[in-house]
Amino acid sequence: MRITLPDGSEMAAEKGQAVYDIVGKIGKKLQKDAIVAQLNDELADLSHKVTANASLKVFTFKNPEGKDAYWHSASHLMAQAVKRLFPDAKLAIGPSIENGFYYDFDVERSFTPDDVQKIEAEMAKIVAEDLPIVREELSMEKAIELFSSLNEPYKIELLRDLDAESVSIYRQGEFVDLCRGPHVPRTSRIKSFKLLTIAGAYWRGDEKRQMLQRLYGTAWPTADELDAYLKMREEVERRDHRRIGKELELYSIQEETGPGLVLWHTKGARLRNSIENFWRDEHYKNGYDLVYSPHIGRGQLWQTSGHLDFYRENMYSSMDIDGQEYYVKPMNCPFHIMMYRSRGWSYREFPLRWAELGTVYRYERSGVLHGLLRVRGFTQDDAHLFCRPDQMPEEIDRVLSFSLYMLRSFGFNDFKVYLATRPKEKSVGEDDKWQSAIKALEESVRRAGIEYEVDEGGGAFYGPKIDIKIKDALGREWQCSTIQFDFNLPERFDLTYIDRDGQKHRPIMIHRALFGSMERFIGVLIEHYAGRFPLWLSPVQVQIASITDETVDFAAGLRDRMMREGLRVEADLRNETIKYKIRDAIEKKVPYIGVIGGKEAAANSISVRKRGENTSESMPIDEFIARLKDEISRRL
RNA sequence: GCCCACGUAGCUCAGUCGGUAGAGCAUUUGCAUGGUAAGCAAAAGGUCACCAGUUCGAUUCUGGUCGUGGGCUCCA
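1. Looking at the layout of surface pockets
In step 1: In this structure, the largest pocket spans a volume of roughly 1600 Å³.
In step 2: Along the walls of the largest pocket sit 40 residues, with Y311, N314, R362, E364 and R374 positioned nearest its centre.
In step 3: For the lining of the largest pocket, the secondary-structure elements that each account for two or more residues are β23 (377-387), β26 (465-471), β27 (477-486) and β30 (508-517).
In step 4: Among the elements that line the lining of the largest pocket, the one with the most residues is β27, at six residues.
In step 5: Here the residues of the lining of the largest pocket are counted per class, giving 16 nonpolar, eleven polar and 13 charged.
In step 6: Estimates place the volume of the second largest pocket at around 600 Å³.
In step 7: Lining the second largest pocket are 26 residues; nearest its centre among them are H72, L178, C179, R180 and G181.
In step 8: Those elements that provide at least two residues to the lining of the second largest pocket are α3 (64-85), β11 (134-139), α6 (153-161), β12 (166-172) and β13 (175-178).
In step 9: Per element, the largest residue contribution to the lining of the second largest pocket is five residues, and it comes from α3.
In step 10: Per-class residue counts for the lining of the second largest pocket are twelve nonpolar, seven polar and seven charged.

2. Quick notes on the sheet that holds strand β18 (residues 289-290)
In step 1: Here eight strands make up an open sheet; going across it, the order is β18-β22-β23-β30-β27-β26-β24-β25 and the pairing mixed. Since the sheet does not close on itself, it has two edges, and those belong to β18 and β25 (452-455), each with one partner.
In step 2: Helix α12 (residues 333-341) rests against β22 (352-361), β23 and β30 of the sheet, and its axis sits at about 145 degrees to β22.
In step 3: Against the sheet, helix α13 (residues 392-409) makes contact with β22, β23, β24 (415-420), β26, β27 and β30, and its axis sits at roughly 5 degrees relative to β30, the strand it touches most.

3. Some words on the protein's contact with RNA strand B
In step 1: Neighbouring RNA strand B are 58 residues, the closest being Y202, Q479, N575, R583 and S607.
In step 2: Sugar plus phosphate, as a fraction of atoms of RNA strand B within 4 Å of the protein: 52%.
In step 3: Interatomic distance of 2.9 Å between a side-chain N/O atom of E255 and a sugar or linking oxygen of RNA strand B.
In step 4: The separation between a phosphate oxygen of RNA strand B and a polar side-chain atom of T577 is 3.2 Å.
In step 5: Going through the elements one at a time, β14 (192-202), β15 (211-220), α8 (241-247), β27, β30, α18 (578-587), α19 (598-603) and β34 (605-610) are the ones with two or more residues in the surface near RNA strand B.
In step 6: Of the residues belonging to the surface near RNA strand B, the class tally is 19 nonpolar, 20 polar and 19 charged.

4. With respect to helix α14 (residues 431-447)
In step 1: Taking 1.5 Å of rise per residue, the 17 residues of α14 would be expected to cover 24 Å, and the 24 Å separating its terminal C-alpha atoms lies within 8% of that figure.
In step 2: In this structure, the buried side of α14 is in contact with α13, β24, β25, β26 and β27.
In step 3: Among the residues trailing α14, G449 stands out with phi positive, at a value near 70 degrees.

5. Description of the pattern of salt bridges
In step 1: For the structure on display, the rule yields 51 salt bridges.
In step 2: K416 serves as the salt-bridge partner of E453, at 3.0 Å between the closest nitrogen and oxygen. Taken together, the residues E453 in strand β25 and K416 in strand β24 connect sequence positions 37 residues apart.
In step 3: Three or more residues joined by partner-sharing salt bridges are found here, namely R84, E122, K125, E129 and E174.

6. A look at empty space enclosed by the protein
In step 1: Applying the stated criterion across every chain yields a total of one cavity of 30 Å³ or more.
In step 2: In this model, the largest cavity occupies a volume close to 130 Å³.
In step 3: What lines the largest cavity is a set of 13 residues, among which L248, K267, P539, V540 and K588 lie closest to the centre.
In step 4: Grouping the amino acids of the lining of the largest cavity by side-chain chemistry returns six nonpolar, two polar and five charged.

About the criteria used
- Residues numbered from 1 in each chain as written.
- Chains lettered and ligands numbered in written order.
- Predicted model: local features only at pLDDT ≥ 70, side-chain atom pairs only at ≥ 80, totals over all residues.
- Heavy atoms only, no water.
- 1 Å grid on protein atoms, 1.4 Å probe; cavity = no way out; pocket = protein on both sides within 12 Å on 5 of 7 lines; lining within 4 Å.
- Points joined across faces, edges and corners; volume = space filled by probe spheres on them.
- Helix = DSSP H or I, 4+ residues; strand = E, 2+ residues; numbered from the N terminus.
- Nonpolar A, V, L, I, M, F, W, Y, C, P; charged D, E, K, R; others polar.
- Pairing = 2+ DSSP bridges.
- Contact = heavy atoms within 4.5 Å.
- Axes fitted to C-alpha atoms, helices over the stretch in contact; angles between N-to-C directions.
- Near = heavy atom within 4 Å.
- Polar contact = N/O pair within 3.5 Å; in protein donor to acceptor, adjacent residues only side chain to side chain.
- Expected span 1.5 Å × (residues − 1).
- Salt bridge = Lys/Arg side-chain N within 4 Å of Asp/Glu carboxyl O.

What follows is the structure, given as C-alpha cells:
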C-alpha cells in the first residue's frame, strides 16, 4: 500500500495500519504534534485505519483543521464533565469557534460561576483519565435508538433532520456524542483550557424556541499559549471604544438621557467634525450634492413610503401636531424623494447624487445596544442616486470604489464584502428586477476584483444590497458601507423623468452609506487606532506644557497663535511639574507635546516630543507649525 | 425582547455574616518653581442606581423597575 505525502513523495504502509502509526514513520515530532489528518479529500482521525492507497496530509494545532478538531474535542471534554456533574443536562450542540469552543445545554437551573469552576475541575480529571476517543458508525435507526435510551431529545431532533443512512458517534469513557468528527485521539491531548463565559442561547438560534445555557471556553496545547491568548483578550479590552471614549472624553451615554442616545463631548465632536469635513469635501469632489432634511415628517409620507407597513417595529410612536400624525424619521429617503418630486427631470440631468448627514432614530431592542456601535439615534452618511438604467453599472462601480477609498483613508484594509439577496418574508418588487439588480451588484464587485460572500435573503425589503463590514477590536464584524437598490420608493412615489423619447420613465434609485453611521464608524475607528488617532483626526493635535509660572504667558500666547492657524491646541498651564504634565499628555494620546521653558521662550522655539517617542527635539516655532500643517494636509 | 452577571465618590475599585462607608487617581487649597511618564501636605467629595417589602433598624436580605456588561435573536 502506498501513501502519497503533500510534497509528492511516497511511502509504503501496511494495509490496515492506523494513520497515527504511518505518521510515526514520517517523524516522531510530527507524530506527537499531529491532531488529525486528511486522507485523500477527507478529514480523518489519527486512529483511522488506512486500507487503500491514499494521499495523506497531517494537521497539527498550527493548521486551521487542527485547531478546529482540538477545540471541538475540548467542547466534548466539557460536555462530558457537565454530564458527570449534571446527569439531567440535555446536550444540544457544541462546535469549535474562532479561538475556542462552546457547548449548549438544556439544564433545569442555569450554571453559576461556582458550577463553572467545578466543571473545569472535572475536565481536568477526565484529561488525567486519558480516555481514548473512539469513532463509531451507526445506522440512523440505531443512532436514534441510542440517543432515545440516553434521553437526548435535541440529538434526536438533529438526527431526524439529517438526510443520511448512517451517522458517526464518538465515545470517550461513558460519554457519547453524535458527531461528524474528527477528534484528537485521547482526552489527555487537551492540555490547557479555560471556561470563559456563561450565556443564554436559543436552540437553533430561534428566539421562539427553548433558551439553552451556553458555556464558552478556549483550549491550547501549552499553558504559555493559553496565557498569551488570555493576555490578548485583556489587550482587546484596553482598546474597547467604550473605555477609550470615556478616557479621552469623546462621548457619553447616560441613563438619564436615555439608552442608545449619544452625547458627543467636545473632544469627540472635534473628531467627528474632522471626519465630517473630510466627508463633505470628498462628496463634492466626487460629483455629489449635499442636502438637508427635517427630523420628523407627516404620517402620510411614511404611509406612502411603505415604512409604516414594513418598518413600523423600528419606528417610534407618532406625535400629534395640530391634529396630524408625525413620525421621527428612521430613514432619510422619503425626504430626498420629495426633493426629487418637487419638479420634473430630464435624462440629461442624470445621474443625481444627493448626500446628507442625516440623523435618524430607530427602535432597537434593549439587549442589542452596544456603546457607539449599536445605538437608537444615529447620523447616517446617506445618499440617494437617481439614474437611467444604462447609467446604473457605472454608478455602482463609482459608489463601490468611493466607498473603498473612504474606508482606506481611515486605515481600514481588513473588510468583508457581502452581497445580500431577496428576503424570504416581507419584500416588494418583481422577481426579475431583483435578479437583474443582484446581477449588476455582483458584476460590479467582480470588476472591482474584491472577494465577497453571498448573504442569502439578507437584502432590505425594498431591494438587494452590497454590504461592507469592518472588524472591531474583538474581531466582531460591523456593517458600515451599504449600497442598496430601491424598487419600492420610485414606484410608491411615482417618480419619473423624461427620456430622449419624450416619454416618462421610472428612474433607478440607489441608496448608499459609506461610513454607515457616524456613531458606529467612529466606534470602530477608536478601536482601530486604539485612541491614538493620526494627527489630522486627533481632537487635540498639540498639547503645550509650560515648565514654570514665568513661561505661562508665552505658552498661552503660542496656543492662541496656533489656534488662529487652524490647529487644535491645548495648553497645560497648571502649576505642576513638567514630568506630571508630560505624563498627563501621554495618557491623552496627543500626537505632539510641545514643552515651553525659559530657553524656548527666549529663542522663540519649542521642544517637541512626538507620540510614541521618549525623546524631544527643539525647533523654531514657525518650523513646527509648518511641519504640522504639512502632515495634516497629507492626512498623516 | 430572552439567559446570566453586575450597579458603592468624577474615574478604578475595597467593604458592610443587617447598626447609614473606605483607598488610589482626579478636584480644591497651601507649600515646593520643578526640563520630558506621577514633588509634598491638607481639605472637600457618597439618599451605597431607583421603588417597594421584611426588620427596632436595609447600602447589605427579598421582590420589582431602570441601566450596564457578556451572549442569543434582530440591524447602520
